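Secondary and tertiary structure notes
So you can see what is in the structure, the chains are spelled out below.
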Amino acid sequence: MVSTLAEMRYAIISDIHSNLEALKRVLEEIDRLGVDKTVCLGDIVGYGGNPNECVEVIKERNVESIIGNHDKVACGKEEPYNFNPVARAAALWTRKELTPDNREFLNNLPDTRFLDDFLMVHGAVSDPDLYIVSSYDALMEFRLMKKNSVCFFGHTHVRTCYTLLNDDVRQSFDHELRIEPDYKYLINPGSVGQPRDRDPRASFLIFDKKEGSVKFIRLEYDIEKAQRKIIEAGLDRRLADRLSSGW
Ligand code: ZN
C-alpha cells in the first residue's frame, strides 16, 4: 500500500563519511523497520575508506540527499580552504578516489530540499556550512522558518533537537519526541559514520508523520573493519581512532 504524504514514515540519515560498515548496518535496520522513504542530509563522503561504495549505495537505493561540505570538496565544486589539515587530506584523497560518475552525482546534489512539508539542510537554514551548536544559533535559524515547521540538519555529528514556542528555545536530547502544533523544530539525527557525542554507535532517526513522532536510533556496527579501511587507505590514524571513541 502506498502511504499518503501525511502518513509517511521517513528514515533520516546524515554524515555517512564513507563509512560503508555503518551505512550498511543502518540501512539493514531501516529495511527491518519498513519506512516509506530514506533521506540524507549530506556528507556522504570524506574521512572514511569507502567513498565510491557509499555513493553507490545511496544511488541504488534512491536515497534523496543534499550536498554536504565534504561532498563539495570531494567532487571539486569547492576547495578545502576552511578544512583542518586532516579533513583536507581526506577530502583530497576522496576526490582522487571517486569515479567520474560518482563525482558528478555529488556535484548535482542540491544544497537544500523541501520535501513533503519539512526542510533538509546540511549545516543551517541560513548557510549550509554553519554549525548549529547552541540555543542562540537555533533561535537565529528559527527566525527564518515559518510556523509549524520542521527542519532536519546535520554537520555537527551530534544528535539533538531544538524546539521553539513563543521565542523560547529549548534543547532536548530525549530519544523520542512528539511533533506538536505551533512549535518549530530543528532536529539533528546525529552521524551515521562518525558520531561525535561520545557514543560511537551509528546514529539516525525515524520521522513518523502519521504518529507525529521522531525516534532516535543508535546501532552498533563493525567499527574495527571501518578503522582498518581508513588505515589501509593511508588516511590519518586519528580518523580511525575517533570512530571507537565516538568523539
Ligand atoms: Zn560531516
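Placed above this text is the structure.
Model, not experiment: these values are computed from the prediction.

It is worth spelling out the coordination of the zinc ion at this point. Coordination of the zinc ion by the protein is provided by D15 (OD), H17 (NE2), D43 (OD) and H157 (NE2), with metal-donor distances spanning 2.0 to 2.4 Å. Each of the 4 donor atoms bound to the zinc ion contributes to angles spanning 87 to 178°, and the resulting shape is irregular. In primary sequence terms, the donor set of the zinc ion follows D-x1-H-x25-D-x113-H. The exposure classification of D15 matches that of H17, with both residues buried.

In this section: the packing of aromatic side chains. On inspection of all chains with the given rule, the structure shows 6 aromatic pairs. With a centroid separation of 5.5 Å and an interplanar angle of 80°, the aromatic rings of F118 and F207 are classed as edge-to-face. Placement of the pair is F118 in strand β5 (residues 118-120) and F207 in strand β11 (residues 202-208), with a sequence separation of 89 residues. Neither residue differs from the other here; F118 and F207 are each classed as buried. Here the aromatic cluster, defined as three or more aromatic residues joined through ring pairs, consists of Y10, F118, F152 and F207. If you follow R159 out to its NZ or CZ, it ends over the ring of F216, 5.0 Å from the centre.

Quick look at the sheet that holds strand β8 (residues 168-172) now. Each strand in a sheet pairs with another by means of backbone hydrogen bonds, the pair being arranged parallel or else antiparallel. The strand order β4-β5-β6-β10-β7-β8 describes an open sheet built from 6 strands, whose pairing is mixed. Looking at strand neighbours, the two that pair on one side only are β4 (113-115) and β8, the edges of this open sheet. Pairs of neighbouring strands in the sheet enclose a mean axial angle of 20°, with direction left out of account. The pairing of β4 with β5 spans 3 bridges and is antiparallel. Bridge assignment links F114 to a residue of β5, and that residue is L119. Helix α6 (residues 135-142) rests against β7 (160-165), β8 and β10 (184-188) of the sheet, and its axis sits at about 55° to β7.

The rules behind the values
- Residues numbered from 1 in each chain as written.
- Predicted model: local features only at pLDDT ≥ 70, side-chain atom pairs only at ≥ 80, totals over all residues.
- Heavy atoms only, no water.
- Donors = N, O, S within 2.8 Å, 3.2 Å for Na, K, Ca; no water.
- Tetrahedral: all angles 85-135°; square planar, octahedral: opposite > 155°, others 65-115°.
- Buried < 20%, exposed > 50% of the residue type's maximum accessible area, 1.4 Å probe, protein only.
- Phe/Tyr/Trp six-rings, centres within 6.5 Å; stacked < 30°, edge-to-face > 60°.
- Helix = DSSP H or I, 4+ residues; strand = E, 2+ residues; numbered from the N terminus.
- Lys NZ or Arg CZ within 6 Å of the ring centre and 35° of its normal.
- Pairing = 2+ DSSP bridges.
- Axes fitted to C-alpha atoms, helices over the stretch in contact; angles between N-to-C directions.
- Contact = heavy atoms within 4.5 Å.

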